[in-house]
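# Overview (structure and organization)
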Amino acid sequence: GSELSELGVQSQPSVQQHRFIQVSLHTQFCNRASSTELFSLAKAGLCLRCYVSHTILWACKKLASQFCATGQFTYRDLLPYVLNDDGSLQIVLDQDRDNQIVLTRKGETHNAEYRLFAVEVLQRFNPNAQPEASLDRWVYCQTRQNKELKDFLSERGLCLLSDWALLNRVGAS
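Throughout, a residue's number is its position along its own chain's written sequence, starting from 1. Local features in this predicted model are restricted to residues of pLDDT 70 or higher, and side-chain atom pairs are both shown and tallied only at a pLDDT of 80 or more, whereas totals for entire chains, interfaces and linings draw on every residue. Side-chain numbers here rest on the full set of heavy atoms in the structure, without hydrogens or water.

### Quick notes on helix α7 (residues 147–155)
Burial here depends on accessible area, computed with a 1.4 Å probe over protein chains only, as a share of the maximum for the residue type. Under 20% is buried, over 50% is exposed, and the range in between is partly exposed. Helix and strand assignments come from DSSP, with helices taken as H or I runs of at least 4 residues and strands as E runs of at least 2, each series counted from the N terminus. Regarding α7, the residues found buried are Leu149, Phe152 and Leu153. Projected onto a plane normal to the axis of α7, the buried residues spread over an arc of 95 degrees and lie on a single side. In this structure, α7 carries Lys147 and Glu155 as exposed residues pointing more than 90 degrees from its buried face. If you follow the buried residues of α7, they end up packed against α3 (38–66), α4 (75–82) and α6 (135–144). Two or three places before Glu148, at the opening of α7, Asn146 has a side-chain oxygen 3.0 Å from that residue's backbone nitrogen. By arc we mean the arc of the directions from the helix axis to the C-beta atoms, nothing more. Contacts are assigned to residue pairs with any non-hydrogen atoms lying within 4.5 Å of each other. Distance and chemistry together define a polar contact, namely a pair of N or O atoms within 3.5 Å, with one atom able to donate a hydrogen and the other to accept it when in protein, and with adjacent residues in sequence counting only for side-chain atoms on both sides.

### What about the pairing of strand β1 (residues 90–93)?
Bridge analysis of β1 against strand β2 (residues 100–103) gives four bridges, and the strand direction is antiparallel. By the bridge assignment for β2, Leu93 is matched with Gln100. Two strands are said to pair when DSSP picks up at least two bridges between them. Connecting β1 to the antiparallel partner β2 that follows it, the hairpin turn spans six residues, and Arg97 within it adopts a positive phi of roughly 65 degrees.

Set out below in structure tokens:
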């Protein structure tokens, strides 16, 4: 929007500007608009999908480093479960924000054949839940809690405990 263009180009935006950009793009991506605005929604979503892909990659590297002593896998083995978005599809959300919709170049829409994890993360993110809500923190937690990724680890005898499980374990001892 015009608010974003008013920021100008800086080599490194401040934390507040960075958050403003994320929230502005998220609001634009998640709000329903007329069919003429769908391409703008898809572009906002693509910017966010690109942004969160870096955090997903970082989360996989961090997770793999926690289990590196086993030598059973590298972070690259985790990526197919959570980094399944090559950016080639224009994606918008349906009115309820439940379904991912593919937007063709002609402006036609149809349900996505498979769900992109980055879009799922954005669908569930609520920047207004807390004033200091961090998209990076949200993406990191969602990546660690991804069912397919946890199943992959479980098949190798590795258990990825949630924060709540760790707290319960400490409280019980």
